[in-house]
Structures are given as structure tokens and as C-alpha cells.
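# Residue-level structure breakdown
Below are the chains, spelled out letter by letter.
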Amino acid sequence: MVGDLDGETAALREAAPITRIDLLGVPAWTVTSHAEARRLLNDTRLVKDINRWELWRSGQVTHEWPLIGMIDAGRSMFTVDGPEHRRLRTKTAQAITPRRLEALRPVIEEITARLLDDLAEQGADGPVDLKPVFAQPLPMLVVSHLMGVDPALHPRLHELYKAFFSMLTPQDERLAVIEELDVIFTEMVRERTAAPADDLTSALILADEGGEPLTEEEVVGNLKAMVAAGHETTIGLILNAVRALLTHPDQLELVLDGNIGWDTVVEETLRWDTPTTHLLMRFATEDVQVGDTVVREGEGVVVSYRAIGRDRAQHGDDADAFDIRRETPIRHMTFGHGPHICPGAALSRLEASIALPALFDRFPRLRPAVPVEEIRNLPVLTQNDLAAFPVLLHGS
């Protein structure tokens, strides 16, 4: 139940480049080395199509498996490969342009300032939880603005995604959550189809360059996955960066003095304390050799990004250390690699690069309200999701 994430990460890294794991009763392989992950993420013999998974074809895995919603997630750019993936991703790329993202900067700055006011009010006389007041609403508000999601839906979406990712949610409840998310986003797509607006959902519906337009199912699938990934990843990035800096005050001082940039903080956090721990799943269409191991046709492969971020062969003998003073460039794969690299990586980086300096500028004496070792993860297999992060905003 994610009780010792560092210990799990170390064990996976030492088992590199690939090892057998158990996913809530279902066997799979996980790749844990940077070099092999980089190679395999470009290997066309590993695909996202669940129908290539032998355990699914044989009926050994069904919709009763708690993690099935992360694999059998409907048709979108996240679940197809080859020409169909290029078609779906191209439509998204036409909508998420650098110009559209840059236009979001003042929006992100305004949302950040408003949330910092809320944080100041709630933390005026004692501890305040940084997650629900600042780190969680910021990316949800931003991705909702981008996609055109009604802010009134935010409280319910937070509840639904929390239940979806938690390993403690009974499967019948999880299936109901998935169904409700489908209903919410299908209704939204139909509303935008009837009355397009200046948002990414409408852009996906209207995108018709280079072939057939997206179907309703494809727009819903892309939208549903992008809202989930677009806020969950950034929550972890912001909280992990704050925790890293508060537990390395000498490095925080370098940043606050302007000697090291916030972009370096973001990249080292992404490497060292990845927001995504494990990404499910690809399936071998034929036998694939990985080191001394053969992944057989029909077997599933997970990418363990947190172990990869601590790979000593890639990042040096001090890979377990958070260090923004590294002499070599920080080259990680936290947002993936190859055709399926995360389309929202630039947005997540932009949000963190605005939120973090604003937070520390407003509250330069920010500190944890409890010993850092008492901060626990939620029981989530795929995300590095903190249960809470109580802080004190002012010095004593």
C-alpha cells in the first residue's frame, strides 16, 4: 500500500533492467533501467492494444481487476498505436500549440495568486494542508480552463479521480466511477459539438486537418485521459518539489538567491521524485529480448519511472540524492519517450515554474508542520500521490 516508496524504488532499480512483478494478483514485467526503457518505448513490438494481452484474451483478467480502468480506457491516443495513434495525437497537437500554452501564462498566474490568498487565509493562525488548498486545485483549474470543463464539476471530479486511483476502492464502486466519468465527459463533448467555444475540447471536435475528424468516442477518450493526467501529474510535481526544497534548505537558498533557476528545480524533482511511479501497460506482439530476459508474446510490460529516475548508470552514483547543483544536464524520461510521450509535459512544466516561485516569494519562511517522514502516500499504485502536506506559512 505504498508504505515504503523509497524501499520499493531501490529494490526495483537493483533488479534492472527488467523484473517480474505482481499487480494486485496479476503478473507482469516492469522495466527499471533508463537505457532499456528508452529502447522499449520506441519498440513497435510493444503496443497499447489490450487485445494483444494473453491474460485478457484468455479471460484470466476481467473488468473485476482493480487496475483494468487504466488499460481498457476507451479509444484515445493513449490506447492505440501506429497510424491510428498518429491520427489521434496529431489532432491533439493541433489543439495544444505553444501559442495556446503561452496564452495560458497570465491565467495560471492569476489562479496561482488567488490560491495563495486562500492559503494565506487558511494558514494565518496555524498549519494548513498545502495539497487541497494550493497544489490540487491549481492544475485542475488550469486544465479545466484549457479543456472548457465547468468549475462547478471540480469537487465531484476530485472525488471521482481519488476513488478511481485508490487501491482501496471496491471494484464495483470503481466501475461506477468510470461510468460516471464517461457520462460527464460525453455530455460535455455533446454540448461543445452543439455550441463550440474557445477551448481545447472544441478544437478537438473541429480539428479536421489531415484526414477524418475525431469521433465522439475518441474526443471523450482524449478529454477524459488528459484531464486525469493533466492535473494528477502536476499535483505530485508541485508537492514533491516543495518537500525536496524544504528538506534541502541549502539548495532552497541557492534558488531564492537566484543562483539556480526554478527550471532546474522542476527537472531535478521530475527525475528524483517522479509524479508517476508506474505506467500501465504495453503488450508484446512477439517475443522481445530485454537483457538476459525474454518477454513472451502476449505478456504485459510496465514502465517503472521512479526506479528509472534513480538509475545510477544514467544519473551517477548519487542518483538517490536530490541535487540541483548537478554538473551534467538532468536528462530524465519522466514524461515518457517515443510516440506516446506525454502531450501535456510542457503545460505541467509551465504550471510548476509559475507556482513554485510564487509560493516561496509569498511565504519565504514556509516549513513543514510535521516531521517529513510522517508524510504518507495515498494507496495509489501508479501515482506518487501524497495523502496530505501540512505546512506552516510563517516562522516562529
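These remarks concern the structure in this document. This is a predicted model, so every value here is computed, not measured. (Residues numbered from 1 in each chain as written. Predicted model: local features only at pLDDT ≥ 70, side-chain atom pairs only at ≥ 80, totals over all residues. Heavy atoms only, no water.)

### Topic: the layout of surface pockets
- The computed volume of the largest pocket comes to approximately 900 Å³.
- Met 70, Phe 78, Ala 225, Ala 229 and Leu 279 are the residues nearest the centre of the largest pocket, which is lined by 42 residues in total.
- Those elements giving two or more residues to the lining of the largest pocket turn out to be α8 (154–165), α9 (171–194), α11 (216–246) and β5 (279–284).
- A total of seven residues in the lining of the largest pocket trace back to one element, the largest contributor, which is α11.
- For the lining of the largest pocket, a count of residues per class yields 22 nonpolar, 14 polar and six charged.
- Reported here for the second largest pocket is a volume of approximately 420 Å³.
- Every residue lining the second largest pocket is counted, 18 residues in all, and those nearest its centre are Asp 6, Arg 243, Val 372, Ile 375 and Asn 377.
- Those elements giving two or more residues to the lining of the second largest pocket turn out to be α1 (5–14) and α11. (1 Å grid on protein atoms, 1.4 Å probe; cavity = no way out; pocket = protein on both sides within 12 Å on 5 of 7 lines; lining within 4 Å. Points joined across faces, edges and corners; volume = space filled by probe spheres on them. Helix = DSSP H or I, 4+ residues; strand = E, 2+ residues; numbered from the N terminus. Nonpolar A, V, L, I, M, F, W, Y, C, P; charged D, E, K, R; others polar.)

### Describing the sheet that holds strand β4 (residues 128–129)
- Pairing within the open sheet is antiparallel, and its three strands lie in the order β4-β10-β9. Taken across any chain shown, the strands that pair with only one partner, and hence form the sheet edges, are β4 and β9 (367–368).
- Pairing geometry for β9 and strand β10 (residues 390–392), over two bridges, is antiparallel. Directly across from Pro 368, in β10, lies its bridge partner Val 391. (Pairing = 2+ DSSP bridges.)

### Here's the deal with the packing of helix α5 (residues 98–122) against helix α16 (residues 345–362)
- With their axes 10 Å apart at the nearest point, α5 and α16 run at an angle of 35° to one another. Here α5 runs over α16; the crossing is right-handed. The segment α5 lies against α16, with Leu 101, Leu 104, Arg 105, Ile 108, Glu 109, Thr 112, Ala 113, Leu 116, Asp 117, Leu 119 and Ala 120 engaging Ala 346, Leu 347, Leu 350, Glu 351, Ile 354, Ala 355, Ala 358, Leu 359 and Arg 362.
- For the contact of α5 with α16, the residue count by class is 14 nonpolar, one polar and five charged. (Axes fitted to C-alpha atoms, helices over the stretch in contact; angles between N-to-C directions. Left-handed = near helix turned anticlockwise from the far one by under 90°. Contact = heavy atoms within 4.5 Å.)

### Concerning α9
- In this model, α9 (24 residues) spans 35 Å end to end at C-alpha, consistent with the 34 Å of a helix rising 1.5 Å per residue.
- Within the sequence span of α9, burial applies to Gln 171, Arg 174, Val 177, Leu 181, Ile 184, Phe 185, Thr 186, Met 188, Val 189 and Arg 192.
- Where α9 is buried, its residues contact α7 (137–147), α8, α10 (200–206) and α11. (Expected span 1.5 Å × (residues − 1). Buried < 20%, exposed > 50% of the residue type's maximum accessible area, 1.4 Å probe, protein only.)

### Structural notes on the pattern of salt bridges
- Scanning the model with the defined rule gives 35 salt bridges in all.
- Residue Arg 20 pairs with Glu 299 through a salt bridge whose shortest N-O separation is 3.7 Å. Linking Arg 20 in strand β1 (residues 18–23) with Glu 299 in the loop between β7 (293–295) and β8 (300–303), this pair joins segments that are 279 residues apart in sequence.
- With a relative accessible area of 41%, Arg 20 lands in the partly exposed category.
- For the salt bridge of Arg 114 with Glu 110, the shortest nitrogen-to-oxygen distance reads 3.2 Å. Of this pair, Arg 114 and Glu 110 both sit in helix α5, four residues apart, roughly one helical turn.
- In this structure Arg 114 comes out as partly exposed when scored by relative accessible area, which is 38%.
- Glu 110 gets classed as partly exposed once you look at its relative accessible area, which sits at 42%.
- Via salt bridges that share partners, Asp 6, Arg 13, Glu 14, Arg 243, Asp 273, Arg 306, Arg 310, Arg 312 and Asp 320 belong to a single interconnected network. (Salt bridge = Lys/Arg side-chain N within 4 Å of Asp/Glu carboxyl O.)

### Section: the sheet that holds strand β3 (residues 46–47)
- The five strands are arranged β1-β2-β8-β5-β3 in an open sheet whose pairing can be described as mixed. What marks the edges here is a single partner per strand, and that holds for β1 and β3.
- Sheet topology places β3 next to β5; two bridges connect them, and they run antiparallel. Looking at the pairing, Leu 46 lines up with Ala 284 of β5.

### Here's the deal with the pairing of β5
- Burial analysis of β5 places five of its six residues in the buried class, which makes it a mostly covered element.
- As defined by bridge partners, β5 adjoins β8 across three bridges and the pair is classed as antiparallel. From the neighbouring strand, Phe 283 faces β8, where its bridge partner is Gly 300.

### So, helix α12 (residues 249–256)
- Within the sequence span of α12, burial applies to Gln 251, Leu 252 and Val 255. One side of α12 carries all its buried residues, which in axial view fall inside an arc of 105°.
- Against the buried residues of α12 lie α11, α13 (262–272) and α16.
- Looking one or two residues beyond α12, the residue adopting positive phi is Gly 258, at roughly 85°. (Arc of directions from axis to C-beta.)

### Quick word on unusual backbone geometry
- Each neighbour pair has its own omega, and for Ala 16 with Pro 17 the value is 10°, a cis peptide bond.
- By the element assignment, Pro 17 lies in the loop between α1 and β1.
- The omega torsion across Leu 280 and Met 281 is -20°, close enough to zero to call that bond cis.
- With respect to the secondary-structure elements, Met 281 resides in strand β5.
- Positive phi, normally seen in glycine, also occurs at Leu 24, with a value near 50°.
- With respect to the helices and strands, Leu 24 occurs in the loop between β1 and β2 (26–31).

That is the geometry; function is a separate question.
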